[in-house]
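# Structural overview for review
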Amino acid sequence: MKSKYDERRLLRYTYLFCIICFLNLGVLYWPKENFDKTAIIMGVVVCALIAYAHFIIRKFFPDGDKYIQTFACILTVIGIILIYRINPSSAIKQIIWFTVGITGFIVIVVLLPNLKKFAKYKYFYLVCTILLMSLGSFLGQAKHGAKNWITLGGYAFQPSEFGKLFLVAYLASSLRKYKEYKDLIEPAIVVMISLGFMVLQRDLGSALLFFGISVTMLYIATSKFKYVATCFILFAAGAVISYKLFGHIRVRVAIWKDVWSYANNEGYQIVQSMIAIASGGLFGTGLGQGYPEFIPINSTDFIFAVLSEEMGGLMAFAVIILYFLLFYRCMRAAVYTEDKFSALLAVGYSAMIATQVLVIIGGVINLIPLTGITMPLVSYGGSSMITTFFALGILQKISEEGRSDE
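Residues numbered from 1 in each chain as written. Predicted model: local features only at pLDDT ≥ 70, side-chain atom pairs only at ≥ 80, totals over all residues. Heavy atoms only, no water.

## Details of the packing of aromatic side chains
The test is simple: Two rings from Phe, Tyr or Trp (for Trp, the six-membered ring) form a pair when their centres are within 6.5 Å of each other. A pair whose planes differ by under 30 degrees is stacked, one over 60 is edge-to-face, and the rest are tilted. Numbering of helices and strands runs from the N terminus, with a helix taken as a DSSP run of H or I at least four residues long and a strand as a DSSP run of E at least two residues long. For the exposure calls, accessible area comes from a 1.4 Å probe over protein chains only, and a residue counts as buried if that area is under 20% of its type's maximum, exposed if over 50%, partly exposed in between.
According to the stated counting rule, one finds eleven aromatic pairs in the structure shown. Between Phe 98 and Phe 389, the ring centres sit 5.7 Å apart and the planes meet at 45°, which makes this aromatic pair tilted. On the criterion of sequence distance, the pair formed by Phe 98 in helix 4 (residues 88–111) and Phe 389 in helix 14 (residues 382–404) is long-range, its members being 291 residues apart. Each member of the pair Phe 98 and Phe 389 is classed as buried. Summarising the aromatic geometry, the rings of Phe 211 and Phe 232 are spaced 5.2 Å apart at their centres and angled 85° between planes, so their arrangement reads as edge-to-face. Placement of the pair is Phe 211 in helix 8 (residues 204–222) and Phe 232 in helix 9 (residues 225–245), with a sequence separation of 21 residues.

## Things to note about the packing of helix 8 against helix 13 (residues 340–364)
For the record, the criterion: Between N-to-C directions, angles cover 0 to 180 degrees, with each direction set by a line fitted to C-alpha atoms, over the stretch in contact for helices. Definitions for this section: a left-handed crossing has its near helix turned counterclockwise from the far helix by less than a right angle. A right-handed crossing has that turn clockwise. The contact criterion used throughout is that any non-hydrogen atoms of two residues lie within 4.5 Å. Side-chain classes are defined by residue name, with Ala, Val, Leu, Ile, Met, Phe, Trp, Tyr, Cys and Pro counting as nonpolar, Asp, Glu, Lys and Arg as charged, and the others, Gly among them, as polar.
Between helix 8 and helix 13, the shortest axis-to-axis distance is 8 Å and the interhelical angle comes to 145°. In this structure, helix 8 meets helix 13 at a crossing whose hand is right-handed. Contact residues: Gly 205, Leu 208, Leu 209, Gly 212, Ile 213, Thr 216, Met 217, Ile 220 and Ala 221 in helix 8; Lys 340, Leu 344, Val 347, Gly 348, Ala 351, Met 352, Thr 355, Gln 356 and Val 359 in helix 13. Class assignment of the residues belonging to the contact of helix 8 with helix 13 gives a composition of eleven nonpolar, six polar and one charged.

## So, the domain arrangement of the protein
The condition that has to hold: For the domain bounds, the source is a domain assignment made automatically or taken from a database.
For the protein, the domain assignment lists domain 1 (1–111) and domain 2 (114–245). Its C-alpha centre places domain 1 at a distance of 32 Å from the equivalent point of domain 2.

## With respect to the nonpolar core
Let me state the cut-off plainly: Throughout, nonpolar core names a set of buried Ala, Val, Leu, Ile, Met, Phe, Trp, Tyr and Cys residues whose side chains join them through atoms within 4.5 Å.
Membership of the largest hydrophobic core comes to 119 residues, with the highest contact counts inside it found for Tyr 349 and Leu 392. At 15 residues, helix 12 (residues 303–336) tops the list of elements feeding residues into this core. Once residues lying within four places of it in the same chain are set aside, the contact partners of Tyr 349 are Leu 165, Val 168, Ala 169, Ala 391, Ile 394 and Leu 395.

## Some remarks on helix 13
To keep it simple, the criterion reads: Given a helix with a known number of residues, its expected span is that number minus one, times 1.5 Å.
Taking 1.5 Å as the rise per residue, helix 13 with 25 residues should run 36 Å; its terminal C-alpha atoms sit 36 Å apart, in good agreement. In terms of burial, helix 13 is a largely internal element, 22 of the 25 residues being buried. Asn 366 sits one or two positions beyond helix 13 and adopts a positive phi of about 65°.

## Looking at the side chain of Gln 94
Which entries qualify depends on this criterion: Whenever a nitrogen or oxygen atom comes within 3.5 Å of another N or O atom, the pair is scored as a polar contact, on the condition that within protein one atom can donate a hydrogen and the other can accept it, and that pairs from neighbouring residues in sequence are kept only if both atoms are in side chains.
Mapping Gln 94 onto the fold places it in helix 4. A relative accessible area of 0% means that Gln 94 is categorised as buried. Within polar-contact distance, the side chain of Gln 94 engages the backbone oxygen of Ser 379 at 2.9 Å. Dropping the residues within four chain positions of it, Gln 94 is found in contact with Ile 80, Ile 83, Leu 377, Val 378, Ser 379, Tyr 380, Gly 381 and Met 385.

## Some points on helix 12
Note the threshold: Each residue is assigned a bend, namely the angle between axes fitted to the seven residues that terminate at it and the seven residues that start at it.
An ideal rise of 1.5 Å per residue puts 50 Å on 34 residues; helix 12 reaches only 35 Å between its terminal C-alpha atoms. Along helix 12, the sharpest kink reaches roughly 125°, centred on Gly 312.

## Side note on unusual backbone geometry
Phi is mostly negative for residues that are not glycine, and the peptide bonds are mostly trans. In the Ramachandran plot, Ile 297 falls in the positive-phi region, its phi being about 50° despite a non-glycine side chain. Tracing the chain through its elements places Ile 297 in the loop between helix 11 (268–280) and helix 12.

## What to know about the layout of surface pockets
Heads up, the rule is: Cavities and pockets were defined on a 1 Å grid built over protein atoms only: a cavity is a set of grid points that admits a 1.4 Å probe from which the probe cannot escape, a pocket is an open set flanked by protein on both sides within 12 Å along at least five of seven lines, and lining residues are those with an atom within 4 Å of any such point. Grid points are joined across faces, edges and corners, and a volume is the space filled by probe spheres set on the points.
Taken as a whole, the largest pocket encloses approximately 1100 Å³ of empty space. Lining the largest pocket are 37 residues, and of these Leu 195, Phe 211, Cys 231, Leu 234 and Phe 235 lie nearest its centre. Looking at the lining of the largest pocket, the elements that each hand over two or more residues are helix 6 (159–175), helix 7 (185–200), helix 8, helix 9 and helix 10 (247–257). Take the lining of the largest pocket: its biggest share by element is eleven residues, from helix 9. Taken together, the residues that form the lining of the largest pocket break down as 30 nonpolar, six polar and one charged.

## Looking at the pattern of salt bridges
Applicable threshold: Criterion for a salt bridge: a side-chain nitrogen of Lys or Arg within 4 Å of a carboxyl oxygen of Asp or Glu.
Scanning all chains against the criterion turns up eight salt bridges. One salt bridge in this structure joins Arg 58 and Glu 7, with 2.6 Å as the shortest N-O distance. One end of the pair, Arg 58, is in helix 2 (residues 37–60); the other, Glu 7, is in helix 1 (residues 2–26), and 51 residues separate them in sequence. Here Glu 7 falls in the buried class, since its relative accessible area comes to 3%. Among the salt bridges present, the one from Lys 122 reaches Glu 186, with a minimum N-O distance of 3.7 Å. Residue Lys 122 is located in helix 5 (residues 122–139), and its partner Glu 186 is located in helix 7; the two are separated by 64 residues in the primary sequence.

## Some words on the environment of Leu 218
Topologically, Leu 218 is positioned in helix 8. Distance from Leu 218 to Leu 171, taken between C-alpha atoms, is 8.5 Å for residues 47 residues apart in sequence. If we skip the residues at most four places from it in the chain, Leu 218 touches Leu 175, Leu 184, Ser 223, Tyr 227, Val 228 and Cys 231.

## Some words on the state of the cysteines
We count it as follows: Throughout, disulfides are identified as pairs of cysteine sulfur atoms within 2.5 Å of each other.
Under the definition given, this model contains zero disulfides. No disulfide involves Cys 21; its sulfur sits 7.5 Å from that of Cys 18, the nearest cysteine. Judged by its relative accessible area of 10%, Cys 21 is buried.

## Focus: a nonpolar patch on the surface
Filter applied, for reference: Grouping into patches uses exposed residues only, defined as over 30% relative accessible area, and leaves out salt-bridged ones; the cut-off is 9 Å for like charges and 5 Å for nonpolar side chains (Val, Leu, Ile, Met, Phe, Trp, Tyr). To be clear on the numbers: accessible area is Shrake-Rupley with a 1.4 Å probe, and residue cover counts the displayed protein chains and nothing else.
On the surface, Ile 185, Ile 189, Met 192 and Ile 193 cluster together to form a nonpolar patch covering roughly 360 Å² of accessible area. Residue Ile 189 is classed as partly exposed on the basis of its relative accessible area of 43%.

## Examining the environment of Leu 392
Mapped onto the secondary structure, Leu 392 falls in helix 14. Exposure remark for Leu 392: the relative accessible area of 0% places this residue in the buried category. Between the C-alpha atoms of Leu 392 and Gly 101, which are 291 residues apart in sequence, the distance is 9.7 Å. Leaving out residues up to four positions away in the same chain, Leu 392 has contacts with Ile 68, Ala 72, Phe 105, Leu 326, Cys 330, Ile 353 and Leu 377.

Written as structure tokens, this is what we have:
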């Protein structure tokens, strides 16, 4: 009973936070300009979507971990608020993607049969992984320096966003039967091919992401540190070779080493991001009182800088804690399940979210070379929103199965 009470209290705080922030945006320029009724409507719609999704999952599937969905929705609310502040029309699109994502989340939990049945489709996952990873190299268009975007019917998406879902499924299906090092040869080749395509497409963020996922799943499946150490050695060798071969990698590293020397050209976005974070301080300038227009790519790659400027360092730290809590709840699903395929899926998708957060925040604050990926659930983007909610839906399903077996 206490758990149900805590869930409801957390949801009430989420609704209150959402309404207050959108009300703030509605009266931001009043009385000089008309009251923004759209902002209030947006807040009500977001709250209604969260309430409906929670009702369905809690009513018909009470066994699983409900905090996975709740934490994901809180992060999405923060993202939609910031996106509306930057560009209201983009926020409306983001709500559409949120609707699609949360619907996919529910459908996976409601309709997907026992995940153990999907362990045998290893080569289907393999084909889908290679196909999706390679599409950007052959059909992709350059955007923000990376050639990983494909346009179909007026909608641009990144195939690698969907490819990472199949990569995790393939690795889980392959590594579940690990007995000796020979069983790792095929997965290693698949991962190296995927990383190679990402380097060719100049998508360094995805390369780091796939490496983080692969190493985490490898260690969980084998419990052998020597394999992990070998992976890091190979990755370091590949990084050095890529640095020698590709000019865009050398530029990224040079900016990382001395960003102020490139403040007016290649390093401009990093410098503006750091200035915005510093100007926000601990408590921020206030929602709507900052200057996000000075930050390039502010609704996707650099939304963490906008968050830090207007909501402050404390709020930025709170968001990091929310990501940690989401990661923790997702990893718990792997602990409760007895099926190795399901456990590896849970570890892979949990690592996917955690690595993506670490890579983008590290790049925005210049802790690591900028890689140009989005913050899961917070940044604007349909591909990222949908794939993240699909992964969370599978994690929710795993937690349902694990708890129901107890």
